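So you can see what is in the structure, the chains are spelled out below.
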Amino acid sequence: MSSFPSAQASKEDAEYKNISEKHRHLIETLPKHNGWWTPYLYNYNGFWLSPNILKSNLILHSYFKPHPTDIFLASFMKSGTTWLKALIFSTLNRHRYSFSNHHLHNHSPHSTFWMLDIESYPITDFTNSLTPRLFSTHFAHTLLPPCMSSCKFVYVCRDPKDVLISKWHFMNKIRPKDLPPLSLDEAFALFCLGVSDYGPFWEQVMSYWRASLEYPDKIMFLKYEEIKKEPGVVVRKLAAFFGKPISEEEEEKGVVKEIVKLCSFENLSNLEVNKEGFEKFGKLVDIEKRGFFRKGVIGDWKNYLSEEMKERIDGIIDEKFKGSGLVFTTKV
Ligand code: A3P
């Protein structure tokens, strides 16, 4: 945690007071809607955020100082964040750990990244972490401080129908007991309205899609489905994107296969470290670790959504993505 000289400290305190005041005002004035695991979500600059996440966004803009070497993993919730954390960490650190005795055997993928969205004031001093520092976020690209745009981002998205089902299961696990369970019909209606933490889904995805077209050397845009299909190709792409391409020698040694195996759903979900206990996100949020691994497949939505529901979501996405060049290829 930072220790500031006293003049600096009082300046920071005054700034934090301003943020708290602004936050209070926003909560009173922004459009709100009932949420998935918080009573309400608030529409801030076009995106639905819970009160704490909204405050974190204000804090982020005031205090976060990116380093040029920082790497950010961005995603919509339930799109494969846990998987990508493992893949990025093991690709970047492939010279540091042996695959027979790997850091990820006893540390969860989440513990290898700082979660940017839920730090509270005074913001954590991230100087103790390894270089490059690894951060994850669910904020839309347009909600991030412009100073972060010089850093590299990996973005992962997923078929929205699978996102919806995954999120519905997850939210019912973490919903506070004083809120009634969320039915699939309610979750579906909220999702289609765009009312989803960090959403609308399509706006959040589009914010990174557009940025990736504009800055392809800074933003790598991935789909869960393409990683499932050819994980080795994605590992090679990641390594090259980070400026550490897989060498011929590494290819011969089977390094890519080792990374893919280490990060597979089967392997990660069966490790004791990912089955027992809670994941801590910032100071406020504890989530059961096993909740991050459910089925890990493409198309589980077919077990839950009617034809009509499928058509509705596909129709919204077709309309919102029209002309952008972004398509989900897994439609059935
Ligand atoms: P399902 O609920 O469809 O199974 P996030 O990490 O963004 O919260 O996303 C969670 C989703 O990714 C869950 O999807 C989870 O099972 C799946 N997942 C977690 N680890 C995975 C892995 N190693 N490979 C593939 N999918 C994984």
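Residues numbered from 1 in each chain as written. Predicted model: local features only at pLDDT ≥ 70, side-chain atom pairs only at ≥ 80, totals over all residues. Heavy atoms only, no water.

- An unreviewed UniProt entry lists the protein under the name Sulfotransferase, with Ambrosia artemisiifolia given as the organism.

## Details of the overall build of the protein
In step 1: Check the secondary structure of the protein and you find 14 helices and 10 strands.
In step 2: Computed over its C-alpha atoms, the radius of gyration of the protein comes to 20 Å, within 12% of the 20 Å expected for a compact globule of 332 residues.
In step 3: By principal-axis analysis of the C-alpha atoms, the protein measures approximately 60 × 60 × 40 Å.
In step 4: Looking at the protein as a whole, 54% of its 332 residues qualify as buried.
In step 5: Considering only residue pairs separated by 6 or more positions, the protein has 72% of its internal contacts joining residues 24 or more positions apart.
In step 6: For the protein, the exposed area adds up to about 15600 Å²; of that, 54% sits on carbon and sulfur atoms.
In step 7: Computing the positive centroid from 43 side-chain charges and the negative centroid from 40, the protein places the two 1 Å apart. (Helix = DSSP H or I, 4+ residues; strand = E, 2+ residues; numbered from the N terminus. Rg over C-alpha atoms; globule rule 2.2 N^0.38 Å. Buried < 20%, exposed > 50% of the residue type's maximum accessible area, 1.4 Å probe, protein only. Contact = heavy atoms within 4.5 Å. Areas by Shrake-Rupley, 256 points an atom, 1.4 Å probe, with all protein chains shown as cover. Lys, Arg positive; Asp, Glu negative; His and termini not counted. Charge placed at Lys NZ, Arg CZ, Asp CG, Glu CD.)

## Quick look at the nonpolar core
In step 1: Membership of the largest hydrophobic core comes to 109 residues, with the highest contact counts inside it found for Ile88 and Phe201.
In step 2: Ignoring sequence-local partners within four residues, the contact set of phenylalanine 201 consists of Phe76, Arg158, Pro160, Val163, Phe191, Ile317, Phe321 and Phe328. (Core = buried A, V, L, I, M, F, W, Y, C linked by side-chain atoms within 4.5 Å.)

## Considerations on the sheet that holds strand S1 (residues 32-34)
In step 1: Read across the sheet, three strands follow the order S1-S2-S3 without closing on themselves; strand pairing throughout is antiparallel. At either end of the open sheet lies a strand with only one pairing partner, and these are S1 and strand S3 (47-49). Taken pair by pair, the neighbouring strands of this sheet meet at an average axis angle of 35 degrees, ignoring direction.
In step 2: In this sheet, S3 lies alongside strand S2 (residues 40-44) in antiparallel orientation, the contact comprising three bridges. Bridging across to S3, tyrosine 44 finds its partner in phenylalanine 47.
In step 3: Here helix H2 (residues 51-63) sits on the sheet and contacts S2 and S3; the angle it forms with S2, its principal contact strand, is near 35 degrees. (Pairing = 2+ DSSP bridges. Axes fitted to C-alpha atoms, helices over the stretch in contact; angles between N-to-C directions.)

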